[in-house]
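# Analysis of the macromolecular model
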Amino acid sequence: MIELKNIVVKFGDFEALHNINVEVKEGEFFTFLGPSGCGKTTTLRTITGFIEPVEGTVNVNDEDITHVPIEKRNIGIVFQSYALFPTMTVYDNIAFGLKVKKLKKQEIDEKVRAIAKKVDLSDEQLKKAVSQLSGGQQQRVAIARALVTGPAIICMDEPLSNLDAKLRVQLRNELKKMQKDFGITTIYVTHDQEEALTLSDRIAVFNKGYIEQIGTPNEVYNHSKTEFVCNFIGDINRIEPELAAKMGLPADENHFVRLERLRVNQPQRENETILKGTVESREYYGLYIKYYIHVGSQVLKVIEKNDGVNIYEAGQKVTVGIGLADVMSYPVQAAE
């Protein structure tokens, strides 16, 4: 569907993207994830036509669109700020692209009302000025405006970042459902790991203009290809050299283990190291409890499912089990 081949983007002497290669399948929800300034938005803007690469090609359905103007790419765009017209009605915002295409009034009306229904905007809301709507409703208007022209692809640049945490989670779920219902190929940019893991079919993890890994949420989380990915995605424990030596792990590698992989006060399994520790503190989240356990010279973070029975107190002696198969290891020089 979408193929980026050897994309290089420069701003003056600064090389923002270094040889980017990505293939996005039709109907896929594909996320560009990474910290600020890593190149994810630059890559999105290269796909949409706002930025032209100095090297490489952008292909959609085997057609080279690298130098095709923005308005002829048939790509819907939802910006971080939504880029809506605040004094215009919701109806006129959604209809804007259709009017540019010079469609007949009746056809515009039918398309606007059909898309509004799909994104859960009422006839009453269509009459309102955009400035009268909540952040969540404005986001729906932005999505409706991007979809109403029937694009083959929709690109979203951090569309939930301006919303409060609760609304972000609610709209995240709606966004995923909407994308599946429409079946539209979606490229989504975010710095939020949880957002990427919950929404995506596949994720490209960016770092300093390079792609460190492309994979499913499970692959990037449980089988992180590089030390950067392993540290950036979710919370993790670094196993310090003293503990690594006890476990028989190679000294020329850095070792990491996810919080939920550790087991507290459980019988030893095959290929598992059992360590003695002391609970330093805990954080109660209801569904689970996060413990900070002093083991040797370091503190390990552990997430335990809350069964309402086995709750460990600060100062309590416990054992922590670490399975060798759960440890992710990377050559020391990879961190340099």
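A brief structural summary. (Residues numbered from 1 in each chain as written. Predicted model: local features only at pLDDT ≥ 70, side-chain atom pairs only at ≥ 80, totals over all residues. Heavy atoms only, no water.)

### Looking at the side chain of Glu 195
- Here Glu 195 shows up in helix H7 (residues 193-199).
- At a separation of 2.8 Å, a polar atom in the side chain of Glu 195 contacts the side chain of Tyr 188.
- Setting aside residues up to four positions removed in sequence, Glu 195 forms contacts with Leu 160, Arg 168, Arg 172, Tyr 188 and Thr 190. (Helix = DSSP H or I, 4+ residues; strand = E, 2+ residues; numbered from the N terminus. Polar contact = N/O pair within 3.5 Å; in protein donor to acceptor, adjacent residues only side chain to side chain. Contact = heavy atoms within 4.5 Å.)

### Quick word on the packing of aromatic side chains
- One pass over the full model with this rule turns up eight aromatic pairs.
- Taken together, a centroid distance of 4.8 Å and an interplanar angle of 20° make the contact between Tyr 285 and Tyr 288 stacked.
- Above the face of the Tyr 221 ring, Arg 258 is positioned so that its terminal group lies 4.1 Å from the ring centre. (Phe/Tyr/Trp six-rings, centres within 6.5 Å; stacked < 30°, edge-to-face > 60°. Lys NZ or Arg CZ within 6 Å of the ring centre and 35° of its normal.)

### Focus on the pattern of salt bridges
- Evaluation of the coordinates by the stated rule reveals 14 salt bridges.
- Counted as one network, the salt bridges with shared partners bring together Asp 109, Arg 113 and Asp 123. (Salt bridge = Lys/Arg side-chain N within 4 Å of Asp/Glu carboxyl O.)

### As for the sheet that holds strand E5 (residues 63-64)
- The strand order across the open sheet built from four strands is E2-E1-E4-E5, with neighbouring strands paired in antiparallel fashion. The open sheet has two edge strands with one neighbour each: strand E2 (14-24) and E5.
- In this structure, strand E1 (residues 2-11) lies alongside strand E4 (residues 55-60), joined through five bridges in antiparallel fashion. Bridge pairing links Val 8 to Glu 55 in E4.
- Of the strands in this sheet, E1, E2 and E4 are in contact with helix H1 (residues 40-48), which crosses E1 at around 115°. (Pairing = 2+ DSSP bridges. Axes fitted to C-alpha atoms, helices over the stretch in contact; angles between N-to-C directions.)

### Observations regarding the sheet that holds strand E17 (residues 317-323)
- Judged by pairing direction, the sheet is antiparallel, and its five strands sit side by side in the order E13-E17-E14-E15-E16 without closing on themselves. Strand pairing shows two members of the sheet lacking a second neighbour, strand E13 (263-264) and strand E16 (298-305), which therefore form its edges.
- Pairing geometry for E13 and E17, over two bridges, is antiparallel. Bridging from a neighbouring strand, Arg 263 pairs with Gly 321 of E17.

### Re the nonpolar core
- Ranked by size, the top nonpolar core spans 34 residues in total, and within it Val 90, Ile 94, Val 112 and Ile 143 carry the most contacts.
- For this core, the secondary structure elements donating two or more residues are helix H2 (90-100), helix H3 (105-118), helix H5 (135-147), strand E7 (153-157) and helix H6 (165-182).
- It is H5 that contributes the most residues to this core, six residues altogether.
- Setting aside chain neighbours within four positions, we find Val 112 in contact with Tyr 91, Ile 94, Ala 95, Leu 98, Leu 126 and Val 148.
- One finds Ile 2, Ile 7, Ala 16 and Ile 47 within the second-largest nonpolar core, a separate group that totals 26 residues. (Core = buried A, V, L, I, M, F, W, Y, C linked by side-chain atoms within 4.5 Å. Buried < 20%, exposed > 50% of the residue type's maximum accessible area, 1.4 Å probe, protein only.)

### Comments concerning the environment of Asp 62
- Take Asp 62: it is sitting in the loop between E4 and E5.
- C-alpha separation for the pair Asp 62 and Ile 2, spaced 60 residues apart in sequence, amounts to 8.0 Å.

### Here's the deal with the packing of H2 against H3
- For the pair H2 and H3, the least separation of the axes is 10 Å and the interaxial angle reads 130°. If you check the angle between H2 and H3, you find them oblique. Handedness of the H2/H3 crossing: right-handed. Counting all contacts with H2, which are made through Tyr 91, Ile 94, Ala 95, Leu 98 and Lys 99, the residues of H3 involved are Ile 108, Asp 109, Lys 111, Val 112, Arg 113 and Ile 115.
- Of the residues that constitute the contact of H2 with H3, the class distribution is seven nonpolar, no polar and four charged. (Parallel < 35°, antiparallel > 145°, perpendicular 65-115°, else oblique. Left-handed = near helix turned anticlockwise from the far one by under 90°. Nonpolar A, V, L, I, M, F, W, Y, C, P; charged D, E, K, R; others polar.)

### As for H5
- Between its first and last C-alpha, H5 extends 19 Å over 13 residues, near the 18 Å set by a 1.5 Å rise per residue.
- With eleven of its 13 residues buried, H5 lies for the most part within the structure.
- Within H5 the residues assigned to the buried category are Gly 136, Gln 138, Gln 139, Arg 140, Val 141, Ala 142, Ile 143, Ala 144, Arg 145, Ala 146 and Leu 147.
- Against the buried residues of H5 lie strand E6 (75-78), H2, H3, E7 and H6. (Expected span 1.5 Å × (residues − 1).)

### Some words on H1
- Along H1, seven of the nine residues are buried, which leaves the element largely enclosed by surrounding structure.
- Among all positions in H1, only Lys 40, Thr 42, Thr 43, Leu 44, Thr 46, Ile 47 and Thr 48 are buried.
- In the segment just after H1, Gly 49 is the residue with positive phi, at about 105°.

### Overview of the packing of H5 against H6
- The geometry of H5 relative to H6 is characterised by a closest axis approach of 11 Å and an angle of 20° between their N-to-C directions. One way to sum up the angle between H5 and H6 is to call them roughly parallel. The two elements H5 and H6 meet at a crossing, and its hand is right-handed. Residues Gly 136, Gln 139, Arg 140, Ile 143 and Leu 147 of H5 lie in contact with H6, whose contacting residues are Leu 167, Gln 170, Leu 171, Glu 174, Leu 175, Met 178 and Phe 182.
- Grouping the constituent residues of the contact of H5 with H6 by class yields seven nonpolar, three polar and two charged.

### A look at unusual backbone geometry
- Here Asn 19, not a glycine, exhibits a phi torsion of approximately 55°, which is positive.
- Not every positive phi belongs to a glycine, and Asn 271 is a case in point at roughly 55°.
- Tracing the backbone shows Asn 271 in the loop between E13 and strand E14 (272-284).

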